[in-house]
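# Geometric and topological summary
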Amino acid sequence: HDAYLGINMFNSSIAISAFLLTFTLVQALGTLQRVNQAVYEETAVIEQLDMVLLDYGEAEAADVRQKLQRYIKSVIVQELGASAASNGKKRVSKELYDLSYAITHQLLNKTTQQKELYDKSVSLMEDLGKARFQRMQHVGKTLAPVFLLGIFLLITTSILLFFYLSRKNRYSAFALLF
């Protein structure tokens, strides 16, 4: 009767562990997908902004495009490379501010075409800020430690139950001492 109870406890702990592992994997994949989507949206806005700046003309938008390149490099090196470093976030925020300031103060809007490109640039700058905020919301998220602790405890219980049920094994007594 003890063996039957032990087998049921073993099977139950394995099933619960499998459920928690599945849930944890789904959560991790969902977070990864949200981060990928946020990065994709931010890069799409950056590409659109670069195209608008190219339409402005090489000479007129050279400084602004250089600031856009600095922003891109700082995102890659400071934020995505160091993922959660607050110092990196501050530097990238400064680069974003510099880019925004350059767009609003350095781009000319004398002609009708320049006015349209200026409005697009300002609108894309707002979109870039929103996309960055969305990315920052998802980057660095982790699973709750209680899930990892639960999985660890259930797997440990399963292993101990296995050794308890198979007393003939020479490692069983050693494992049950701890």
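Up top you'll find the structure we're talking about.
Residues numbered from 1 in each chain as written. Predicted model: local features only at pLDDT ≥ 70, side-chain atom pairs only at ≥ 80, totals over all residues. Heavy atoms only, no water.

## Side note on the overall build of the protein chain
The condition is simple: Each helix corresponds to a stretch of at least 4 residues labelled H or I by DSSP, and each strand to a stretch of at least 2 residues labelled E; elements are numbered beginning at the N terminus. For every residue, the accessible area (1.4 Å probe, protein chains only) is compared with the maximum for its type, and the residue is labelled buried under 20%, exposed over 50%, or partly exposed between those bounds. Any two residues whose heavy atoms approach within 4.5 Å are treated as being in contact.
Looking only at helices and strands, the protein chain features six helices and zero strands. Listing the helices and strands of the protein chain from first to last along the sequence gives α-α-α-α-α-α. A buried classification covers 31% of the 178 residues belonging to the protein chain. Partitioning the intrachain contacts of the protein chain with sequence separation of at least 6 by distance along the chain shows that 73% fall at a separation of at least 24.

## A few points about the nonpolar core
As a reminder, the rule being used: Residues belong to a common nonpolar core when they are buried Ala, Val, Leu, Ile, Met, Phe, Trp, Tyr or Cys residues joined through side-chain atoms within 4.5 Å.
Counting residues in each nonpolar core, the largest one holds 22 residues, and the members touching the most others are L49, Y71, L99, L107 and L128. For this core, the secondary-structure elements that each account for two or more residues are α1 (2-56), α2 (58-80), α3 (86-106) and α4 (112-138). Residue contributions to this core peak at six residues, all from α1.

## Topic: the packing of α2 against α4
The axes of two packed helices give the description: the angle between them and the distance between them. Put simply, the test is: Fitted lines through C-alpha atoms serve as axes, helices being fitted only where they are in contact, and the angles separating the N-to-C directions of these axes extend from 0 to 180 degrees. By the definition adopted for this analysis, an angle is roughly parallel if under 35 degrees, roughly antiparallel if over 145, roughly perpendicular if from 65 to 115, and oblique otherwise. Ten residue types, Ala, Val, Leu, Ile, Met, Phe, Trp, Tyr, Cys and Pro, are classed as nonpolar, four, Asp, Glu, Lys and Arg, as charged, and the remainder, Gly among them, as polar.
Contact pair α2 / α4: the axes reach a minimum separation of 14 Å and the direction vectors enclose 10°. When the axes of α2 and α4 are compared, the pair comes out roughly parallel. Side by side, α2 and α4 meet where Y71, V75, E79 and L80 of the first sit next to L128, R132, R135 and M136 of the second. Class assignment of the residues belonging to the contact of α2 with α4 gives a composition of five nonpolar, no polar and three charged.

## With respect to the side chain of S74
Put simply, the rule reads: Nitrogen and oxygen atoms within 3.5 Å of one another constitute a polar contact, given that in protein one can donate a hydrogen and the other can accept it, and given that sequence-neighbouring residues count only through two side-chain atoms.
Among the secondary structure elements, S74 is positioned in helix α2. Separated by 2.8 Å, the side chain of S74 and the backbone oxygen of Y71 make a polar contact. Beyond its immediate stretch of four places on either side in the chain, S74 contacts E79, V92 and E95.

## A word on α2
Think of an α-helix as 3.6 residues a turn; residues three or four steps apart then line up on the same face. Our working definition: Bend at a given residue is defined as the angle between two axes, one fitted to the seven residues that end at that position and one fitted to the seven that begin there.
Of all the bends in α2, the greatest measures close to 35° and is centred on V64. Those residues of α2 lying buried are A61, V64, R65, K67, L68, Y71, S74, V75 and E79.

## Remarks on a nonpolar patch on the surface
For the record, the criterion: Excluding any residue in a salt bridge, patches collect residues exceeding 30% relative accessible area, merging like charges within 9 Å and nonpolar Val, Leu, Ile, Met, Phe, Trp and Tyr side chains within 5 Å. For accessible areas, the Shrake-Rupley method is used with a probe of radius 1.4 Å. Any residue's cover is judged against the shown protein chains and nothing else. The term salt bridge refers to a side-chain nitrogen of Lys or Arg lying within 4 Å of a carboxyl oxygen of Asp or Glu.
Taken together, the side chains of L21, I155 and I159 present a nonpolar region at the surface, about 240 Å² in accessible area. Locating I159 in the fold gives a position in helix α5 (residues 145-165).

## Side note on the environment of V64
The residue V64 is located in helix α2 in this model. For V64 and A102, which are 38 residues apart along the polypeptide, the C-alpha to C-alpha distance reads 5.8 Å. When sequence neighbours within four positions are dropped, the list of residues in contact with V64 reads L53, L99, A102, I103, Q106 and L107.

## Some thoughts on the side chain of R65
Along the polypeptide, R65 turns up in helix α2. Excluding residues within four positions of it along the chain, R65 makes contact with D50, L53, L54 and E58.

## Some details on the pattern of salt bridges
Per the stated rule, a full pass over the model turns up five salt bridges. Salt bridges here are not isolated pairs; linked through shared partners, they connect D50, E58 and R65.

From the geometry alone we can't say anything about function, so treat these as descriptive.
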